[in-house]
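Below, each chain spelled out in residue letters.
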Amino acid sequence: MAVFGAGGYSIFVRFVKGLGASTHLSDSFPWGLWVGFDVLCGVALAAGAFTLSAAVYVLHLEKYKPLVRSAILTGTIGYLLVIFGLIMDLGHPYRIWHPLIMWNPHSVMFEISWCVTLYTTVLFMEFSPFLFEKLKWKKALRAVHAVIIPLVILGVVLSTLHQSSLGSLFLIVPYKLNPLWYTPWLPVFFFMSAIALGCAMVIVESFISSVLFRRGLEIDLLSNLGKVLVVILSIYGLARYLDLSSRGALGLIFQPGFEHAMFLAEILLAIIAPIGLLIFPRVRRNKLGLFMSATMVVVGFILNRFNTSMTGMVRFSGVKYLPSWMEISVSFMLLTIGLILFAIAAKHLKIFDEDSPCLLPWQTCRDNVVCCLPTPAKVAIFSAWAFALVLIWTGVNDFARFKPLNHPTHTESAAKSEPNDLSQYPNLPKDFTFSKTDPDIGLVTFSHSDHFLVGAECKDCHEHAFSIISTDKKGAITDYHSQKYCGSCHDGKSASNDCISCHKK
Amino acid sequence: MEKAKGFLFDITKCKLCGACWIADKERNKLPIPEGDFTKDKLSENAFLEMDRRHDRGVRFSCMHCLIPTCASVCPVAAFEKTSIGAVIYHKDRCIGCRYCVFGCPFNVPKYEWDKPLPYVRKCDFCYSRIIDGKQPACAQACPTGALIFGNRDDLILEAHRRIRENSNYVDHIYGEHEVGGTSLLLISDISMYKLGYPGNLSDGAVPSLTWEVLEKIPNVVLIGGTFLAGLWWLTNRRNEVMQAESGKKDNSSDTESGSEGGGK
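Residues numbered from 1 in each chain as written. Chains lettered and ligands numbered in written order. Predicted model: local features only at pLDDT ≥ 70, side-chain atom pairs only at ≥ 80, totals over all residues. Heavy atoms only, no water.

Caption draft 1: Expanded view of the interface of chain A and chain B. Taken together, the contact between chain A and chain B spans 78 residues of the former and 84 residues of the latter. Buried surface at the junction of chain A and chain B, summed over both partners, amounts to about 7,000 Å²; 61% is from carbon and sulfur atoms. Inspection of the region where chain A meets chain B yields 1 salt bridge. Put simply, chain A and chain B have 30 residue pairs in polar contact (both at pLDDT 80 or more) between them. Among the elements that line the side of chain A that touches chain B, the one with the most residues is helix H9 (residues 148–168) of chain A, at 6 residues. Of the residues in the side of chain A that touches chain B, the class split is 44 nonpolar, 21 polar and 13 charged. (Contact = heavy atoms within 4.5 Å. Buried area = accessible area lost by both parts, 1.4 Å probe. Salt bridge = Lys/Arg side-chain N within 4 Å of Asp/Glu carboxyl O. Polar contact = N/O pair within 3.5 Å; in protein donor to acceptor, adjacent residues only side chain to side chain. Helix = DSSP H or I, 4+ residues; strand = E, 2+ residues; numbered from the N terminus. Nonpolar A, V, L, I, M, F, W, Y, C, P; charged D, E, K, R; others polar.)

Written out as structure tokens, the structure is:
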């Protein structure tokens with residue numbers, strides 16, 4: 001309830017007082033947690049749906065069929081939450097359909113809008129059989145089954161585009177994003193990590209639901225998935241390494257600052273630790289080992305999305321961004337809604353095959369393979385998490401001490417030149433308001449004394465002899481010299497009537 | 001078609017009188033803050049910032065890039081690069097995603113953070129005034145000739161002339177090539193980077209970075225779709241063959257005992 005109360009209040013503030021009041025965003029840091037978590041992670045966590053449906057329906061790896069339903073369910077919920085997050089984040093959410101009719105194919109965001117729309121539709125259609133089954137709508141069920149293969153292929157293509165385009169989003173800021181994360185390969189990396197994240201999410205959610213619903217775990221399948229994970233992560237890790245070294249950015253890893261700690265935590269959790277653990281069949285075939293490794297992958301890639309969208313942007317932006325409690329509460333509420341929806345669907349629709357009794361990971365070592373994790377693995381898991389937490393902690397600490405350096409010369413503006421002595425110029429004209437010569441420009445007031453205070457001389461400003469005054473051309477040139485215009489002051493008494501005062505050249 | 005217009009801002013000539021700043025406020029009907037105008041930073045209520053840096057007057061405003069990043073990133077094409085050079089904003093299209101604020105290499109577009117339904121705001125090159133044959137308000141107001149308005153090509157020639165004739169200038173026109181060229185050109189007797197302008201911009205237009213990826217989409221869809229369909233057909237066929245063979249095995253009972261892989 002507290003989650004919903006806080007979230008609801010935050011939504012209220014957002015739509016009544018605006019984004020400035022509800023978030024810590026600013027012109028220097030326009031994208032924060034709602035983009036970094038709700039959208040980027042929401043989409044990435046839904047990646048299990050396209051990965052597994054491709055494996056089952058396109059590659060005919062039928063053995064993974066028991067997992068595909070929960071993956072599609074997660075995907076559908078994930079995309080719903082992404083859309084909800086967008087509604088919070090967009091300035092004009094009621095115009096969310098604009099990209100569909102107002103095209104700009106040069107915009108990554110345009111591509112993303114289309115992908116979100118189409119893929120959400122596809123996911124709903126892939127999800128619909130579960131509902132139709134429950135409702136016993138046989139015809140509708142048959143209709144969906146007839147198009148399921150093209151649908152899945154469309155879904156995989158759309159996901160490929162969507163996952164990678166979230167990376168392309170950041171290609172536009174080569175001058176702002178830290179080179180640890182900015183690379184022309186961002187779209188490819190986002191896509192590869194989405195596949196890994198998708199597999200890991202399937203493992204994690206199978207585990208959680210097995211505890212929630214006291215059901216068995218498809219440990220064979222899941223440990224197979226763990227093997228796949230090792231392969232994907234290895235390719236991904238190698239690619240990241242090659243990319244960093246080819247751009248000469250490897251040295252940056254060891255440059256002090258919060259970025260390097262966050263980068264190392266990300267790499268450790270997302271790549272090194274899970275590979276190191278899952279490469280051993282004993283860990284892979286163990287519930288706890290598999291679950292802990294998959295959780296690392298999930299947390300590690302969430303960290304990766306955070307780093308790409310937030311950590312890497314801090315130094316350039318010159319602003320220390322930390323999400324406000326309202327941003328956090330809304331994201332937390334979305335997560336809770338997602339979990340509740342998942343639980344409801346899992347309870348009422350046929351998502352999991354229910355068979356064997358529950359085997360909790362902390363139960364005693366009856367089944368040696370599934371329940372008992374070898375001690376070295378336990379130590380490895382514990383130390384990886386501890387090390388990652390220390391890294392994140394140092395990162396946050398460094399961040400707290402970090403003083404953003406904006407443009408190099410802001411501070412110097414204080415050191416103004418000493419004011420000249422006004423008494424030297426007793427005959428300065430009074431403040432002068434130019435008549436409204438142009439309806440758009442309006443009244444412009446010059447203070448002669450202010451100009452002298454900053455050390456200007458007449459000819460500095462009057463080089464073009466009052467270019468701002470539009471003459472109506474009726475008066476003769478001599479009018480300027482007469483009492484009518486300049487001459488009224490420049491009479492040799494109140495102000496100089498030297499020719500050079502007005503006619504510099 | 002009219003020639004593309006531009007500004008030339010000569011930092012050595014600016015006396016920081018503030019006329020352009022007031023002109024911007026009046027033209028765009030913005031509230032005028034109290035106190036020192038150099039403290040007024042770019043915001044939703046300041047499309048033009050005049051700051052004192054290294055004892056010089058420095059102008060920050062929309063650069064009106066020749067290949068504008070904001071126009072490229074906007075998913076609904078709310079920004080338009082007009083033929084006269086102005087980059088203008090169609091607020092009725094905007095969905096408020098802030099990709100322009102995020103992407104602009106000069107950090108120019110500003111967002112109305114305190115409004116429930118916020119828009120993006122920035123200098124529009126006084127588009128309506130140019131259409132009427134007038135100068136932009138700030139250029140019109142400048143009394144020292146530090147800011148002059150004209151055809152961009154002519155202004156570049158003029159800037160080169162000034163640099164050639166006076167050795168005090170840094171031999172660089174900021175905006176001639178940066179991010180593919182901008183309509184606001186700046187010359188100075190001190191490095192623009194020292195004055196707070198982004199110094200690391202290369203000459204390539206920023207939007208090409210994303211376009212290189214986006215233009216591959218049709219291929220990804222076609223090749224990816226065909227590839228996946230092919231894979232489906234291949235694995236489906238393999239399964240059919242396997243089923244047929246195992247069926248044959250079942251029918252003819254134990255006549256064939258050797259195992260056969262799922263090749264083909």
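Following the structure, the description resumes.
Caption draft 2: Examining the packing of aromatic side chains more closely. With the rule as written, the count across this model stands at 26 aromatic pairs over all chains. For the ring pair Trp31(A) and Phe102(B), a centre distance of 4.1 Å and an interplane angle of 15 degrees mean the geometry is stacked. Separated into two different chains, Trp31(A) in the loop between helix H2 (19–22) and helix H3 (33–45) and Phe102(B) in helix H3 (residues 99–103) make up a pair that spans both. Of the two residues examined, Trp31(A) and Phe102(B), each falls in the buried class. Grouped by ring-pair contacts, the aromatic residues Trp31(A), Phe170(A), Tyr99(B) and Phe102(B) constitute a single cluster. Directly above the ring of Phe7(B) sits Arg59(B), whose terminal nitrogen or CZ lies 4.9 Å from the centroid. Positioned above the aromatic ring of Tyr119(B) is the side chain of Lys91(B), whose terminal nitrogen or guanidinium carbon lies 4.4 Å from the ring centre. (Phe/Tyr/Trp six-rings, centres within 6.5 Å; stacked < 30°, edge-to-face > 60°. Buried < 20%, exposed > 50% of the residue type's maximum accessible area, 1.4 Å probe, protein only. Lys NZ or Arg CZ within 6 Å of the ring centre and 35° of its normal.)

Caption draft 3: Expanded view of a positive patch on the surface. Residues and elements named next belong to chain A. Taken together, Lys134, Lys136, Lys138, Lys139 and Arg142 make up a surface patch of like positive charges. Looking at the secondary structure, you find Lys138 in helix H8 (residues 138–146). Its relative accessible area of 60% is what places Lys138 among the exposed residues. (Patch = residues over 30% accessible without salt bridge, like charges linked within 9 Å, V, L, I, M, F, W, Y side chains within 5 Å. Areas by Shrake-Rupley, 256 points an atom, 1.4 Å probe, with all protein chains shown as cover. Lys, Arg positive; Asp, Glu negative; His and termini not counted. Charge placed at Lys NZ, Arg CZ, Asp CG, Glu CD.)

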